[in-house]
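Examination of the molecular architecture
The chain contents come next:
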Amino acid sequence: MSSSAARHRQELAGLLASEKGVTDRRWIEAVAAVPRELFLGDAVFHPDDGAQGTLWRPVRRDRTDPETWSRMAYADRSWVTQVDGVLAEDATRALPGAPTSSSTLPSLVVKMLERAEIAEGDRVLEIGTGTGYSTGLLCERLGAGQVTSVEFDPAVAARARAALESAGHAPALIVGDGLTAYDRDAEYDRLIATCSVRYIPAPWIWQVRDGGTITTPLSGWLGGTVLAHLTVEPGGAGGRFLPDELSFMFARPHDRPSRAHYLLRLGEQRETRIAPAVLDDPAARFVAQLGVPSAELLGAGDHVVLLDVATGSQATTEPAPGGGWRVRQHGPLRLWDAAEDAIETWREAGSPPVSAFGLTVAPQGQRVWLGDPGGPSWSLPA
Ligand SMILES: C[S@@+](CC[C@H](N)C(=O)[O-])C[C@H]1O[C@@H](n2cnc3c(N)ncnc32)[C@H](O)[C@@H]1O
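The structure reproduced in this document is the subject of the present report. (Residues numbered from 1 in each chain as written. Predicted model: local features only at pLDDT ≥ 70, side-chain atom pairs only at ≥ 80, totals over all residues. Heavy atoms only, no water.)

Some words on the overall build of the protein
Selection rule: Strands are runs of DSSP state E lasting at least 2 residues, helices are runs of H or I lasting at least 4, and numbering of each runs from the N terminus. To get the radius of gyration, use the C-alpha atoms; to get the globule rule, take the number of residues to the power 0.38 and multiply by 2.2 Å. Each residue is assigned to one of three classes by its accessible area relative to the maximum for its type, calculated with a 1.4 Å probe on protein chains only: buried under 20%, partly exposed between the two thresholds, exposed over 50%. The contact definition used throughout considers only heavy atoms, calling two residues in contact when any of these lie within 4.5 Å.
Helix and strand content of the protein: 10 helices and 20 strands. Taking 2.2 N^0.38 as the reference for a compact globule, 382 residues should give roughly 21 Å; the C-alpha atoms of the protein span a radius of gyration of 22 Å, in line with that estimate. Based on the C-alpha atoms only, the size of the protein along its principal axes is roughly 65 × 50 × 35 Å. The burial tally for the protein puts 52% of its 382 residues in the buried class. When contacts within the protein are restricted to residue pairs at least 6 apart in sequence, long-range pairs at least 24 apart make up 62% of them.

So, in structure tokens, the structure goes:
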């Protein structure tokens, strides 16, 4: 291990404590001990943003220049390690496409571990091993015997296993779909996901003891994401969302089905009640998504297209010639009406932050509520 890596690791630990709001000394110590450079393997992707979108350029580790690699490894940023199923080590050219695995930025990883209130003695189930870095932090603090981590992608899982071994940790690593695979005898104190879900998978409730917690990014195809922190109770779970702004790749089975193209359909026209650009605000986007839980968002600003994956319904906005905006809606669902209704309910409550919302998971369904569980609420597509 190079001396520059040891120095950069200490600097990252110091940064998390001094500037990133991490207060739990035990997590700072874990960051100071876990060699993140091992978890990045021999290559990562750098994003090159261009007119055609982002191209992911593989950057290989140069063993003659450990300083550069170590500076990169200990930057507080996410590093993409797989794009559309191709590992950075295997890429021979820059690739278009979507990241499918990464090492999340350390400040967010640690903030989530803190938010999950994980402490000594806890048995933890992590969904989304990825590079294994967050698994390594868990092992460092709790001991590998307390940690189980599930990774969907076998090649990613193999890479993480090797990195964890070389860092001296041997937690239970499972290759499979962490949303469905489960161990009937397991009783975890904490479940933490590092990929986002559209609703809480039932097996998560079954695997966490009553009084234990689930901490997960909760997202939708409009791109609104919140961090849910739920306490499990007999038959369900509930809790408020945390105030953190975040974005995570989807858990693979929850991602939007792929769409090669769509035909723009116009349909009924009316003036909008709200400016379409409100969806540029992350909290407003999350709220609108509650109204249209199976729609995706294309465009931004005044020109927004909502496309419903389930029914093919569409809503398209544009500036109106006389001022304001107009929307055209096509198909069985009036997507813009539903998004506007949700936004107006939120505005009537004073446009509070996402921490004013929470989620109740019950056998009858999953509902996001505003204010308290008896307040206005919306069903998740569980
Ligand atoms: C953002 S990365 C994880 C970051 C990781 N914890 C780290 O610190 O390196 C998300 C990971 O979740 C994995 N994943 C996606 N869907 C999954 C699923 N259903 N079950 C288990 N893992 C999943 C992806 O393959 C990806 O490796």
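Concerning the packing of helix α1 (residues 3-18) against helix α4 (residues 66-73)
Formally: Here an angle of 0 to 180 degrees is reported between the N-to-C directions of two axes, which are lines fitted to C-alpha atoms, with helices fitted over the stretch in contact. Put simply, angles under 35 degrees are roughly parallel, angles over 145 are roughly antiparallel, angles from 65 to 115 are roughly perpendicular, and the rest are oblique. Crossings are assigned a handedness: left-handed for a near helix turned anticlockwise from the far helix by less than a right angle, right-handed for a clockwise turn.
Running from amino to carboxyl end, α1 crosses α4 at an angle of 20 degrees, the nearest separation of the two axes being 9 Å. Judged on the interaxial angle alone, α4 and α1 are roughly parallel. Judged by the sense of rotation from one axis to the other, the crossing of α1 with α4 is right-handed. In this structure, α1 uses S4, A5, R7 and H8 to contact α4, whose residues at the interface are P66, E67, S70 and R71.

A closer look at α1
We apply this condition: Working rule for helices: expected span equals 1.5 Å times residues minus one.
For α1, which comprises 16 residues, the first-to-last C-alpha distance of 23 Å matches the rise-based estimate of 22 Å (1.5 Å per residue) to within 8%. Along α1, the positions that sit buried rather than exposed are S4, A5, H8, R9, L12, A13 and L16. Contacts from the buried residues of α1 go to α2 (25-33), α3 (36-39), α4, α5 (106-115) and α6 (133-142).

Overview of the site of the ligand
Our working definition: Being near a molecule or strand, for a residue, means having at least one of its heavy atoms within 4 Å of it. Pairs of N or O atoms within 3.5 Å make up the polar contacts considered here, provided that, within protein, one atom can donate a hydrogen while the other can accept it, and that residues adjacent in sequence are counted only when both atoms are side-chain atoms.
If you check the shell around the ligand, you find 28 residues, and the closest are S101, T131, S134, E151 and D177. Here G128 contributes a backbone N or O atom positioned 3.1 Å from a nitrogen atom of the ligand. Within the contact set of the ligand, a nitrogen atom lies 2.7 Å away from a side-chain nitrogen or oxygen of S134. Of all the elements in the fold, those that place two or more residues in the shell around the ligand are β5 (99-103), β6 (124-127), α6 and β7 (147-151). At 4 residues, β5 tops the list of elements feeding residues into the shell around the ligand.

Structural notes on the sheet that holds strand β17 (residues 325-330)
What counts, and what does not: By the convention used here, strands pair only if DSSP detects at least 2 bridges between them.
The sheet built from 5 strands is open, its strands ordered β13-β17-β16-β15-β14 with antiparallel pairing. Strand pairing shows two members of the sheet lacking a second neighbour, β13 (268-271) and β14 (295-300), which therefore form its edges. Averaged over all pairs of adjacent strands, the angle between strand axes in this sheet comes to 15 degrees, irrespective of strand direction. Both β13 and β17 contribute to a ladder of 4 bridges, which runs antiparallel. Residue pairing for β17: R270 is matched across the bridge by V327.

Comments concerning helix α10 (residues 335-348)
What counts is decided by this rule: Read the arc as the range of directions from the helix axis to the C-beta atoms.
With 14 residues, α10 extends 20 Å between its outermost C-alpha atoms, agreeing within 8% with the 20 Å of an ideal straight helix rising 1.5 Å per residue. The complete set of buried residues in α10 reads L335, W336, A339, E340, A342, I343 and W346. Buried residues of α10, seen end-on, are gathered within an arc of 160 degrees and therefore sit on one face of the element. Phi turns positive, to about 95 degrees, at G350, one or two residues after α10.

Here we look at the sheet that holds strand β20 (residues 377-379)
Taken together, the 10 strands give an open sheet; going across it, the order is β8-β7-β6-β9-β10-β11-β12-β18-β19-β20, and neighbouring strands pair in mixed fashion. Bordering the open sheet on either side are β8 (172-175) and β20, each of which pairs with just one other strand. Averaged over all pairs of adjacent strands, the angle between strand axes in this sheet comes to 20 degrees, irrespective of strand direction. Inspection of the sheet shows strand β18 (residues 357-362) paired to strand β19 (residues 365-370) by 6 bridges, in the antiparallel sense. Bridge pairing links A362 to G365 in β19. Against the sheet, helix α7 (residues 154-166) makes contact with β7 and β8, and its axis sits at roughly 165 degrees relative to β8, the strand it touches most.

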